[in-house]
Amino acid sequence: MAAVTSNRFGWPDYLVVGGCLLGSAAIGFYYAYRGHKKTTVDNYLLGERNMNVIAVGISLIVTFFTAIMYTGVPAEGYLLGAGFAYYAAGIMVSCLVVAFVFVPVLYPLKLTTTYEYLHRRFDSKSLRVMAASCGILNSLLLSALTTFASAVAIASVSDIPVLASISVMTLLATIYTSLGGLKAVVWTDVFQYIIMLIGVLSVLIMGTAKVGGVHEVIRLCTLGGRMNHPTFNADPRLYYSFWSMLVGSSMTTLSSVGVQQMTVQRFNSVSNLSSARWSILVGSPGFLIFSWGSTLMGLIVYAYNRSIACDPLANGDIRNINQAEVLSTARSEIESIILPLII
């Protein structure tokens, strides 16, 4: 195996990670100070129903493109190839359905929570409570998995224990959310979106250059059988097929983007129906960019490890394949400022 550089954090890495976390908390304090005289439900939960459309659209991207996808999708590309990129087809279809079918029904109701719709539609408080309980449980489990995925990424390149990372991230997220309300959440999402975009683009551009260019990435991935495409065979037992990608991602996105509390609350925070529809449409290209970008990151990581004849999982350098992206980035001599942006 070729010699590799250190894959541990240095002080610039800790500085940037700390700055990102403190920046998120600062946004919460800022909106808590600005809104301390407006303690209405609309101000706290819905941003006075006057939020910026583009900011809300970006917030939707960050809400659903979590650390699970940021590490899991590259791992999928690393192990199984380019087929997962077709998952984006169903996302785009679902976003159009949500924008032109779901939003015109839900927005005029001026809902605070998505569960209010069930109460009004079926005149059943017990149904509303049951649905809200399931939604809260779903959010708790998703938040736990998302936080754990971030902590695993950090632990692979630093001496910070997983439990310590989880504690710090949970505390800071609780602070800026509880203090600033939806305004703090949306604008923190915008801040984090910029960081995520820089991280993805940095890995794609600098990783490709490190391997030897686009043609070399394609060549190495082709040799390893990673430049695969889903078949149009409708057999449901196939791991990858165009139809499983289209149907699976469509149903998942319709549920998450169409009716989940996190989405309904956001598109109800803008000033009118047209803006609510545009908040979904603005967010849809972002889903496409990050879905394709993450798959490409996995392919580039695979090409890089193949170029240096290294399998980090077999060597014991990582405990699971979801850490491959972070480790390979650290080893590839990309400037230390990039790695914290990925995390």
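Residues numbered from 1 in each chain as written. Predicted model: local features only at pLDDT ≥ 70, side-chain atom pairs only at ≥ 80, totals over all residues. Heavy atoms only, no water.

S.K.: Now, about the overall build of the chain: what can you tell me, with residues and values included?
M.R.: Across its full length, the chain holds 15 helices and zero strands. Counting over 343 residues, the chain shows a buried share of 50%. At a minimum sequence separation of 6, the contacts of the chain that also span at least 24 residues come to 79%. Split by element, the accessible area of the chain, about 16,200 Å² in all, is 68% carbon and sulfur. (Helix = DSSP H or I, 4+ residues; strand = E, 2+ residues; numbered from the N terminus. Buried < 20%, exposed > 50% of the residue type's maximum accessible area, 1.4 Å probe, protein only. Contact = heavy atoms within 4.5 Å. Areas by Shrake-Rupley, 256 points an atom, 1.4 Å probe, with all protein chains shown as cover.)

S.K.: Can you explain the side chain of Ser24? Please cite residues and give values.
M.R.: On the secondary structure map, Ser24 appears in helix H1 (residues 11-34). Residue contacts for Ser24: discarding those within four places in its chain leaves Tyr176, Thr188, Phe191 and Gln192.

S.K.: So, the packing of helix H6 (residues 115-122) against helix H7 (residues 125-155): which residues are in play, and what are the values?
M.R.: Where H6 contacts H7, the two axes come as close as 8 Å, and the packing angle between them is 160°. Classified by the angle their axes make, H6 and H7 are roughly antiparallel. The handedness of the crossing between H6 and H7 comes out as right-handed. Along the contact surface, H6 presents Tyr115, Glu116, Leu118, His119 and Phe122, while H7 presents Lys125, Leu127, Arg128, Ala131, Ala132, Gly135 and Ile136. (Axes fitted to C-alpha atoms, helices over the stretch in contact; angles between N-to-C directions. Parallel < 35°, antiparallel > 145°, perpendicular 65-115°, else oblique. Left-handed = near helix turned anticlockwise from the far one by under 90°.)

S.K.: I'd like a description of the confidence of the model for the chain, backed by residues and values.
M.R.: Predicted coordinates in areas of low pLDDT are best not read in detail. Averaged over every residue, the pLDDT of the chain is 81; the share at 70 or more is 86%. By mean pLDDT, the top-scoring element of the chain is helix H9 (residues 214-223) (91), and the lowest-scoring one is helix H15 (residues 338-342) (48). Contacts of residues 1-5 to residues separated by more than four positions or lying in other chains number 10 contacts, the stretch itself having pLDDT below 50. (pLDDT = per-residue confidence, 0-100.)

S.K.: Explain the packing of aromatic side chains residue by residue, including any values.
M.R.: One pass over the structure, following the stated rule, counts seven aromatic pairs. With a centroid separation of 5.6 Å and an interplanar angle of 75°, the aromatic rings of Tyr193 and Phe290 are classed as edge-to-face. Note that Tyr193 is positioned in helix H8 (residues 162-211) and Phe290 in helix H12 (residues 273-307), a separation of 97 residues in sequence. Through pairs of rings, three or more aromatic residues link up here, namely Phe232, Phe242 and Trp243. (Phe/Tyr/Trp six-rings, centres within 6.5 Å; stacked < 30°, edge-to-face > 60°.)

S.K.: Requested: an account of the nonpolar core, with residues and values cited.
M.R.: Nonpolar side chains tend to gather and get buried jointly when the protein is soluble and globular. Counting 55 residues, the largest nonpolar core has Val103, Val211, Phe267, Ile280 and Phe290 as the members making the most contacts within it. Contributing elements (two or more residues each) for this core: helix H3 (53-64), helix H4 (67-80), helix H5 (87-106), H8, H9, helix H10 (242-258), helix H11 (261-267) and H12. Beyond its immediate stretch of four places on either side in the chain, Val211 contacts Glu216, Val217, Leu220, Ile300, Ala303 and Tyr304. (Core = buried A, V, L, I, M, F, W, Y, C linked by side-chain atoms within 4.5 Å.)

S.K.: Before we move on, could you go through a nonpolar patch on the surface and cite the residues and values that matter?
M.R.: Among the surface-exposed residues, Leu79, Leu80 and Tyr239 lie close enough to one another that they form a single nonpolar patch of about 310 Å² accessible area. Residue placement: Leu80 occurs in helix H4. (Patch = residues over 30% accessible without salt bridge, like charges linked within 9 Å, V, L, I, M, F, W, Y side chains within 5 Å. Salt bridge = Lys/Arg side-chain N within 4 Å of Asp/Glu carboxyl O.)

S.K.: Outline the pattern of salt bridges, supporting the account with residue identities and numerical values.
M.R.: Here the structure, examined in full by the defined rule, presents six salt bridges. Notably, a salt bridge pairs Glu216 with Arg219, separated by 2.7 Å at the nearest N-O pair. Note that Glu216 and Arg219 are positioned in helix H9 at a spacing of three residues, about one turn of the helix. On the accessibility criterion, Glu216 (24% relative accessible area) is partly exposed. Between Asp235 and Arg237 there is a salt bridge, with the nearest N and O atoms lying 3.0 Å from each other. Owing to a relative accessible area of 74%, Arg237 belongs among the exposed residues under this scheme.

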